[in-house]
Number of protein chains: 2
Amino acid sequence: MENKKKTTIKDIAKALNITPSAVSKALSDHPRISDKTKKAVKKVAKTLNYQPNHLASALRKGKSNLVGVIVPRANSNFFSSVVEKIEERLSKEGYNVIITQSNESFSKECKNIESLLYTQVDGIIASMANETTVLDHYENIKSKGVPLIMFDRGEDTLEVDYVGIDDYNSSFAVVEHLKNQGCKRIAHIGGYSHTRIYKNRIIGYKEALESFNLPIENELIHECNLTIEDGRRIMQQLLELPKPPDAVFAASDFAALGALQILEENNIAIPNDIALVGFSNETFTSLIKPSISTVNQRSERIGTLAAETFLKRVNDTNWKPKLNKIIVDSELIIRDSSNKSKLLD
Amino acid sequence: MENKKKTTIKDIAKALNITPSAVSKALSDHPRISDKTKKAVKKVAKTLNYQPNHLASALRKGKSNLVGVIVPRANSNFFSSVVEKIEERLSKEGYNVIITQSNESFSKECKNIESLLYTQVDGIIASMANETTVLDHYENIKSKGVPLIMFDRGEDTLEVDYVGIDDYNSSFAVVEHLKNQGCKRIAHIGGYSHTRIYKNRIIGYKEALESFNLPIENELIHECNLTIEDGRRIMQQLLELPKPPDAVFAASDFAALGALQILEENNIAIPNDIALVGFSNETFTSLIKPSISTVNQRSERIGTLAAETFLKRVNDTNWKPKLNKIIVDSELIIRDSSNKSKLLD
DNA sequence: TATGTTTGTTCAAACGATTGAATAGATTGT
DNA sequence: ACAATCTATTCAATCGTTTGAACAAACATA
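Starting afresh in each chain, residues are numbered from 1 along the sequence in its written order. Chains and ligands are labelled sequentially in the order written, the chains with letters from A and the ligands with numbers from 1. Under the rules for a predicted model, residues below a pLDDT of 70 receive no local features and side-chain atom pairs below 80 are neither given nor counted, while totals for whole chains, interfaces and linings still include all residues. Working from all heavy atoms in the structure, the side-chain values ignore hydrogens and water.

## So, the pairing of strand β6 (residues 186–191) of chain A
Regular strands have side chains that alternate between both faces of the sheet. Residues and elements named next belong to chain A. To keep things clear, this is the line we draw: Between buried and exposed lies partly exposed: a residue is buried under 20% and exposed over 50% of the maximum accessible area for its type, with that area taken using a 1.4 Å probe on protein chains only. Only DSSP runs of H or I covering at least 4 residues are called helices, and only runs of E covering at least 2 are called strands; the numbering of each starts at the N terminus. Pairing between strands requires that DSSP locate at least two bridges from one strand to the other. A crossover gets the label right-handed when its path from the first strand over the helix to the second runs clockwise, viewed with the strands pointing away from the viewer.
Counting buried positions along β6 yields six of six residues, so the element is predominantly enclosed. Residue alternation in β6 divides its side chains into two sets, I186, H188 and G190 and A187, I189 and G191, and both sets are buried. Across four bridges, β6 lies against strand β8 (residues 247–250) in parallel orientation. If you follow I186 over to β8, its bridge partner there is A247. Inspection of the sheet shows β6 paired to strand β7 (residues 221–224) by four bridges, in the parallel sense. Counted as the bridge partner of G190 is E223 from β7. Remark: the β6/helix α9 (residues 196–211)/β7 crossover connection has right-handed handedness.

## Let's talk about the relation of the copies chain B and chain A
Two chain copies, one operation linking them: a rotation about an axis together with a shift along it. Rules: Superposition of the copies used a least-squares fit over C-alpha atoms from residues whose pLDDT is at least 70 in both. Only heavy atoms enter the contact rule, under which two residues are in contact if any of them lie within 4.5 Å.
Least-squares fitting of chain B to chain A yields an RMSD of 0.1 Å, with the superposition described by an axial translation of 0.1 Å and a rotation of 180°. The symmetry that links the two subunits is that of a two-fold axis. In this assembly, 98% of the residues forming the interface of chain B have copies in chain A that are likewise at the interface, indicating an isologous arrangement.

## Points about the side chain of S76 of chain A
With respect to the helices and strands, the residue S76 of chain A is situated in the loop between β1 (66–71) and α5 (77–92). Relative accessible area serves as the criterion here: at 1%, S76 of chain A is assigned to the buried category. Filtering out sequence-adjacent residues up to four positions away, S76 of chain A remains in contact with E282 of chain A together with N75 of chain B.

## Considerations on the protein's contact with DNA strand C
Definition in use: Throughout, the term near means that a residue has one or more heavy atoms lying within 4 Å of the molecule or strand in question. Polar contacts here mean pairs of N or O atoms no more than 3.5 Å apart (in protein, one a potential hydrogen donor and the other a potential acceptor; neighbouring residues in sequence count only if both atoms are side-chain atoms). Here the term charged refers only to Asp, Glu, Lys and Arg, the term nonpolar to Ala, Val, Leu, Ile, Met, Phe, Trp, Tyr, Cys and Pro, and the term polar to all other amino acids, Gly among them.
Contacts to DNA strand C come from 24 residues, most closely from I9, K25, Y50 and R60 of chain A together with T37 of chain B. The sugar-phosphate share of atoms of DNA strand C within 4 Å of the protein amounts to 53%. At 3.1 Å from a phosphate oxygen of DNA strand C is found a main-chain nitrogen or oxygen belonging to S34 of chain B. Elements with a contribution of two residues or more to the surface near DNA strand C: α1 (9–16), α2 (20–27) and α4 (54–61) of chain A together with α2 (20–27) and α4 (54–61) of chain B. For the surface near DNA strand C, the element with the highest residue contribution is α4 of chain A, accounting for four residues. When the residues that make up the surface near DNA strand C are grouped by side-chain class, the tally is eight nonpolar, nine polar and seven charged.

Written out as structure tokens, the structure reads:
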């Protein structure tokens, strides 16, 4: 069973008594090779179970047809769906996609970048880990002339193509919705403001409050890592306030879930006593009771657009100077956790 | 900013007025190179921001230090955790991991294998798509002499190393637990029996019923794709039976969730009227109400062991003939959906 | 002093595929 | 019939790194 030695173009050449270069050209349909030879080569290639050696051709051509993707974690609806779309789009163009996950860790992210560059990928599509504040490793990608596209979590100081939603507007829309539900004291469990998207969500939240003449109170605003545990801890703190909020907007569904657990453990009616909205449209938000209102980040469009931005970058080499920022519309999904009117039905 | 031309060992050699081969040897700490030269080379390498070209060294060495992983979907607790552990273990050994997902599709799985082989990976660690019944593409991996390790979803006919749990015993334990809860008519929402693990779960279920003198009734046994929708559909059918079951054991948490939704929509008490157990310990099983009893497949151990099996294969080349089947103990997690005694507290 | 050993480096041939230039043979034009 | 053109192929260099063999110089041994 073991064909230990892999067949190369040399083997095909020998079998047909022609040179390896003729074989190479035949396989890539070079116009100057006769149809007869092409047919013969392809036939022998098949019978010998020939598989081109990617390493060799990539080395010679200076192009690996590999694209690296870095996500904070694959175990998330949003990211796995983005990745799926990137793969779908790029495979049509003959690229293979290498997926790596940083697990939200800065050092893992650095390692991932290092190994992707080492693998000689033709480009990198990435979303930053929560931990990341220094950007040297990303600058390193740029300095090597490797195209870099960021999505969802990116920073402005890093001057690269970006695809994501308008976090400011999304956040604004959430607060507007909660106001329309009659909420007056809206708390925010946010991500750390050193990350652009979380900063924008905080600003959107604050400016919405302002424009609706609702109070901005620091005791209602918390920054954290947005885990379930963080959600629980902060919700607990909010409940212990002399004047607890009547709505909570969490910048992640996981934090929202933690908050929801605490509310249920304290027998607080959702959404009537306290309304709740999350962010990202994780699968579980629609599965649990009450279902959690959230923001759909349009992962499919983001994935496809990220892939297409990369393709433009590699195909239009003269398009270098211009920078691309693509903002995709998000969608507020109103579910039971914040829909008071539904209770009247 | 753009360093268009990447630095190679030739550049380093020129800078120090030595030959490229001396540089290569210095960088890999060859014993015959003087410490003085090594230091100098490494210093210049750093200042020139030298990054070795993986393609060239892999081509020359005939080893890419890349390992491919194929999972049905990354968006799952079990698989993403396995992948994480594989990565953790292999990166210690200097390997980089390429993750691909088949999305449960046979054709995507074929493409993944093709592109991994094309990338010249040193090995492949895979779990089969649900759709897959023909195994030619896996045989192709073997015939190329590339080590192949299967985990969780593998077939016996494919004679390769395997890591997984004992599905038969796990299934048996679930039924035993349900019997201990006083259940007498236990239904099974199973996967298609052409897949080994689902077949074993069905056999475990049947033989458990037999050994506890419970009836085996075909109307209580259904094979499907184990999606939420399948769970809903089959649960509906089970409820419409003249004699509905008093327990349902689903071979996946998603199917269990679908069943749970139907039960709640019909105001059927869980676990008292109908007890429910799933499989895989997906995140949401502990988050929803009632929490779903399930089987923990020990993804971390499976991941680590799969990685280590691969390492053994590549390091002990003379270990060829022996075949490795590693069975990891699973763990039954009893939660509210099947714990009647808890209600008495 | 001749001989053997150690040390540090260079040489040259790979790895497998690609590609522009060179070449030989067939075909066309005048 | 001789040059010009076209066709199908071979030649040879190249991508960047690795590695065993070769080599020269320095050193130790007898």
